[in-house]
Amino acid sequence: MRVTVRGVVVGGSVGVLLTTVLLWSQCHPPPPHTHHHYQHNPSSQSVGKQQQLHRSPLQTKLQSGNGIGGGGVGDESYLEEEYGGGGGGANGDLHNINQPGDGVVGGEVSPVIAASTRLVEIPCVINHESEISCRRDAQDIYIPFTFIKNYFEVYGRIDQKSDGSDVFEWSHSYSRVYEPQGLYNPTGTFLNFELYNVEARERVKCVSATEGVPISTQWQSSGYTYPIQIAQFGLSHYCKHLTEQLPQRYVLEDGVLHKGTWLAEGVGAKVTRTLDPISFSNVLKFRTPESFSKGGAVLRINDSSTQNLIVLNLNILLQGNASFTVSMEYKYKKTEILRLHYIRSEKLLQVKDHQIFYGLGEEQGWRRITRNLLIDVHKGAAASPQLRKQFKKVSKSKLKVISISLNGEGSLKNMTLSSAEHLLHFYDAANWLLNHQDEQGGWSIPVPRKVISGVLELESGWYSAMAQGQAMSLLVRAAHHSGDSRYLKAALRATALFSVNSTRGGVRTYFPGGYVWYEEYPTNPSLFVLNGFIYSLLGLYDLKEFSTGTSNNSGDLFDEGMKSLKKLLPLFDTGWGSLYDLRHFTTHVAPNRARWDYHTTHITQLLLLASVDSDPVISSTAQRWKDYMVGHRASHN
């Protein structure tokens, strides 16, 4: 006899059977492609062979212990069912559906159920704690997949086969592992960061128009610069530069050659082209009304080849309250006009009606400004209740730049629209790291962090080994690409905090036994976050490989960390997944399991390390953790 637990949507509008889970109560050899979470004894019929005991949430009875039978005195105990034994449980246990009182008359299937092709409703009591509505027929029990999904943390969706028929795809995880392509190169791509779109994340308020880096709202809604996020932003654009095709560019203005005609609109408006005596290059000089509503130097863009070009890059000198405005046409159900104003202000982002304002700061002199206009529209709309719903799903195919207006007094050296400017975004991040590295060689986090309220808390100004590591990975690539030694020097200074204990403001701590660990969150007691530790190791590795001709301690710090990783890695293995950290060991709280996306990050990191270190503990752990993603589990006793 078997119990088939088939997922359905109960009470919903979708009237289809979603999937089937087979829970066998007899010892049948599983097909080769089926993954089971137990060890099966193929000699189940042999006398004298020890039976394997199998527990499953749907096959286990919870009994109040009373000192009789299998339970202990005065407590609740699980009754272990022999897997592969003879009879099933009595009293309506799921192993025996065809029992009197279960739609069976005198041991025979009830004619009502046998004759019916429809499913009959039956209440399902879950561990004597809750009840859900299920379905049954003469042979099977059908449980809603909505329940199975949440109870067992599995995932599924309806897809189509090549012949057009529906198929339900069941998976144990929702994330994906990315295998490294050959040996790791410290100046090449970084893991799978070409797939990252950091600036589009919900926890990014906007990209600062002052410095061109993302502003985080992860732990403070008003926004702040988060070094980890900035490093990831730069690394993702560097990887895209290496992996994507060359971007398309359309020149709007270069001081000599221009695609359109600038119109001087408003009282006293004037536009000229001249040779700039400082830069010795041709520039467009403008003097127009400061208010956009009163005129400006306007360039209308009618060329259809600019469609889908949503990255604006320009070199501009703004004097006084000068500004520039990009007008965009949004076509969806109706055509609407959005305006992006880039103004002299320290305020990050302001929205009024269909007007979105980004502050450029008060910096004087020539500036390069690179803006992804699609991201600027997204973030502006997200900041406005009026625009949020309307522009939530705006795509670049629905947006088009129709005009650019220059207001006030200033000069424009060149201006382009392009499909991407990955290197410019990369250098915005690299230069932010150069400009904001402190005397300790670090980039402190300017907001407090509560990991466990009242237990593990960090005051603002703390350092992160993950931030230091990813900053080093970015700076090494900037030094390689540019040849500028300033980036390498900054990366070398970043190692200093790895030798300072976390209790004294650094990122170094120790696991019992003297094993060094570099903390993503330097709490006391220590947290031992795995992915942040490995990111710090990758930064140290990048630096040690790139700076072979320079005397520094990055190699020693890396070797110490790798020794600890190999020793402590098994502590993060749950038998069916991985742990995010070891807080249960240091603070005696419940373990903190890694979400599947963090679990796959662990695997991707380990696979990369396995390409530079042949120790089997790294590769075998990565493979075992990959198996967990398709339902494998470690065997039990």
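Our subject is the structure that appears above.
The structure reproduced in this document is the subject of the present report.

Criteria and thresholds
- Residues numbered from 1 in each chain as written.
- Predicted model: local features only at pLDDT ≥ 70, side-chain atom pairs only at ≥ 80, totals over all residues.
- Heavy atoms only, no water.
- Core = buried A, V, L, I, M, F, W, Y, C linked by side-chain atoms within 4.5 Å.
- Buried < 20%, exposed > 50% of the residue type's maximum accessible area, 1.4 Å probe, protein only.
- Helix = DSSP H or I, 4+ residues; strand = E, 2+ residues; numbered from the N terminus.
- Contact = heavy atoms within 4.5 Å.
- Expected span 1.5 Å × (residues − 1).
- Axes fitted to C-alpha atoms, helices over the stretch in contact; angles between N-to-C directions.
- Left-handed = near helix turned anticlockwise from the far one by under 90°.
- Nonpolar A, V, L, I, M, F, W, Y, C, P; charged D, E, K, R; others polar.
- Disulfide = S-S within 2.5 Å.
- Pairing = 2+ DSSP bridges.
- Parallel < 35°, antiparallel > 145°, perpendicular 65-115°, else oblique.
- Phe/Tyr/Trp six-rings, centres within 6.5 Å; stacked < 30°, edge-to-face > 60°.
- Lys NZ or Arg CZ within 6 Å of the ring centre and 35° of its normal.

### Some remarks on the nonpolar core
Logical step 1: Counting 91 residues, the largest nonpolar core has F190, Y518, Y521 and L565 as its most contacted members.
Logical step 2: If you tally residues by element for this core, the top one is helix α7 (residues 465-482), at 10 residues.
Logical step 3: Not counting chain neighbours up to four residues away, the residues in contact with L565 comprise L530, F533, I534, L537 and L609.
Logical step 4: The next biggest cluster of nonpolar side chains, apart from the first, holds 45 residues, and it includes L284, L338, L387 and L406.

### Section: unusual backbone geometry
Logical step 1: Here the residue pair N524 and P525 is connected by a cis peptide bond, since its omega of 5 degrees sits within 30 degrees of zero.
Logical step 2: Take P525: it is sitting in the loop between β30 (515-518) and α9 (530-546).
Logical step 3: Phi at L191 takes a positive value of approximately 50 degrees, unusual for a residue other than glycine.
Logical step 4: In this fold, L191 is placed in the loop between β13 (166-171) and β14 (204-207).
Logical step 5: On the basis of relative accessible area, L191 is assigned to the buried category, the value being 15%.

### Brief notes about the environment of N321
Logical step 1: Residue placement: N321 occurs in strand β21 (residues 311-331).
Logical step 2: Each C-alpha atom, one on N321 and one on S345, is 8.8 Å from the other, the two residues being 24 residues apart in sequence.

### Here we look at helix α10 (residues 554-568)
Logical step 1: In a regular helix each residue adds 1.5 Å, so 15 residues correspond to 21 Å; α10 covers 21 Å between its end C-alpha atoms and thus fits that length.
Logical step 2: Taken residue by residue, α10 has S554, G555, L557, F558, G561, M562, S564, L565 and L568 as its buried positions.

### Comments concerning the packing of α9 against α10
Logical step 1: Contact geometry of α9 with α10 gives a least axis separation of 8 Å together with a crossing angle of 145 degrees. Considering the relative orientation of α9 and α10, their crossing is left-handed. The residues of α10 that touch α9, namely those facing L530, F533, I534, L537, L540, Y541, L543 and K544, are S554, G555, L557, F558, G561, M562, S564 and L565.
Logical step 2: By residue class, the composition of the contact of α9 with α10 is 11 nonpolar, 4 polar and 1 charged.

### Considering the state of the cysteines
Logical step 1: All told, the structure shown has 1 disulfide when counted by the stated rule.
Logical step 2: A sulfur-sulfur separation of 2.2 Å characterises the disulfide bridge that pairs C124 with C134. Placement of C124 in strand β9 (residues 120-126) and of C134 in strand β10 (residues 130-136) is noted, with a sequence separation of 10 residues between them. As far as the burial class goes, C124 and C134 line up, both buried.

### Side note on the environment of Y196
Logical step 1: Secondary-structure assignment places Y196 in the loop between β13 and β14.
Logical step 2: In this structure, the C-alpha to C-alpha distance between Y196 and L235, residues 39 residues apart in sequence, is 9.0 Å.

### Focus on the pairing of β13
Logical step 1: Pairing geometry for strand β12 (residues 155-160) and β13, over 6 bridges, is antiparallel. Its bridge partner lying in β13, R157 is registered against E169.
Logical step 2: Following β12, the chain reverses through 5 residues before pairing antiparallel with β13; G164 in that reversal takes a positive phi of roughly 90 degrees.

### Some words on the packing of helix α12 (residues 596-610) against helix α13 (residues 616-628)
Logical step 1: For the pair α12 and α13, the least separation of the axes is 9 Å and the interaxial angle reads 150 degrees. The orientation of α12 relative to α13 falls into the category roughly antiparallel. Relative to α13, α12 is oriented so that their crossing is left-handed. Here α12 contributes W596, H599, H602, I603, L606, L607, L609 and A610 to the contact with α13, which in turn contributes I618, S619, T621, A622, W625, K626 and Y628.
Logical step 2: In the contact of α12 with α13, the residues fall into 10 nonpolar, 4 polar and 1 charged.

### So, the packing of aromatic side chains
Logical step 1: In this structure the tally under the stated criterion is 29 aromatic pairs.
Logical step 2: With a centroid separation of 6.2 Å and an interplanar angle of 25 degrees, the aromatic rings of F190 and Y535 are classed as stacked. A residue pair is termed long-range when its members are at least 10 positions apart, and F190 in the loop between β13 and β14 and Y535 in helix α9 qualify at 345 residues.
Logical step 3: Overall, F190 belongs to the buried group, its relative accessible area being 0%.
Logical step 4: The interplanar angle of 50 degrees and the centroid separation of 5.7 Å between the aromatic rings of W462 and Y521 together place this pair among those described as tilted. On the criterion of sequence distance, the pair formed by W462 in the loop between β28 (456-458) and α7 and Y521 in the loop between β30 and α9 is long-range, its members being 59 residues apart. Side by side, W462 and Y521 carry an identical accessibility label, which is buried.
Logical step 5: Of the aromatic side chains, those joined through ring pairs into one cluster are F498, F511, W517, Y518, F528, F533, F572 and F585.
Logical step 6: K413 extends its terminal NZ or CZ atom over the ring of W366, reaching a point 4.5 Å from the ring centre.
Logical step 7: The positively charged end of R486 is found above the aromatic ring belonging to Y487, 5.7 Å away from the centroid.

Purely geometric numbers; function is a separate question.
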